[in-house]
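# Report on the structure
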Amino acid sequence: MSSTAELGDVLRALSQLRTGVDELYTRYGDVAVVRRIENDLQRLEIDVSELSTAAPGPPRQRAGGAAATARGGGATAHREVGESDIIEVPDTPYDPSWWQGVDDEGVGGQSSRED
């Protein structure tokens, strides 16, 4: 499926959502929950508009994608880790001067002044 067809599908879905939100305004009036839904829809419309002008990147499988959602798995906290995401933490102790004048969490303030 081309990116144009995919954007068309999303635009049609947003149009249906717009109709539904308009119906919510008719039924419930101008209440906070309907305004929040309206705001979310406006943000989606803005994002899709911006996406339509962007060049598509290389195809990539989304972690926990449509298959997980269809099974009821929904979104997951798991994401793919690239080499740039790996942060090495050295085994050597940190320089003690970094902690000069810092209170230990849970111990409370340790003032060096005398009262």
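All figures in this text were calculated on a predicted structure; none of them were measured in a lab. (Residues numbered from 1 in each chain as written. Predicted model: local features only at pLDDT ≥ 70, side-chain atom pairs only at ≥ 80, totals over all residues. Heavy atoms only, no water.)

## Quick word on the layout of surface pockets
Of the volumes computed, that of the largest pocket is approximately 430 Å³. Lining the largest pocket are 15 residues, and of these S3, E6, L7, L51 and P56 lie nearest its centre. Of all the secondary-structure elements, those providing two or more residues to the lining of the largest pocket are α1 (3-28) and α2 (32-53). (1 Å grid on protein atoms, 1.4 Å probe; cavity = no way out; pocket = protein on both sides within 12 Å on 5 of 7 lines; lining within 4 Å. Points joined across faces, edges and corners; volume = space filled by probe spheres on them. Helix = DSSP H or I, 4+ residues; strand = E, 2+ residues; numbered from the N terminus.)

## Points about a nonpolar patch on the surface
A contiguous nonpolar surface patch, about 740 Å² in accessible area, is contributed by I87, V89, Y94, W98, W99 and V102. Secondary-structure assignment places W99 in the segment after α3 (66-70). Under the relative-accessibility criterion, W99 is labelled exposed at 51%. (Patch = residues over 30% accessible without salt bridge, like charges linked within 9 Å, V, L, I, M, F, W, Y side chains within 5 Å. Areas by Shrake-Rupley, 256 points an atom, 1.4 Å probe, with all protein chains shown as cover. Salt bridge = Lys/Arg side-chain N within 4 Å of Asp/Glu carboxyl O. Buried < 20%, exposed > 50% of the residue type's maximum accessible area, 1.4 Å probe, protein only.)

## Quick look at the pattern of salt bridges
Overall, the coordinates contain 5 salt bridges when judged by the stated rule. One salt bridge in this structure joins D9 and R12, with 2.5 Å as the shortest N-O distance. Of the two residues, D9 and R12 both sit in helix α1, 3 residues apart, roughly one turn of that helix. The class of D9 is partly exposed, set by a relative accessible area of 36%. Between D30 and R35 there is a salt bridge; the shortest N-O distance is 3.4 Å. With relative accessibility at 41%, the residue R35 sits in the partly exposed group. Taken together, the shared-partner salt bridges in this structure form one network comprising R18, E38 and E45.

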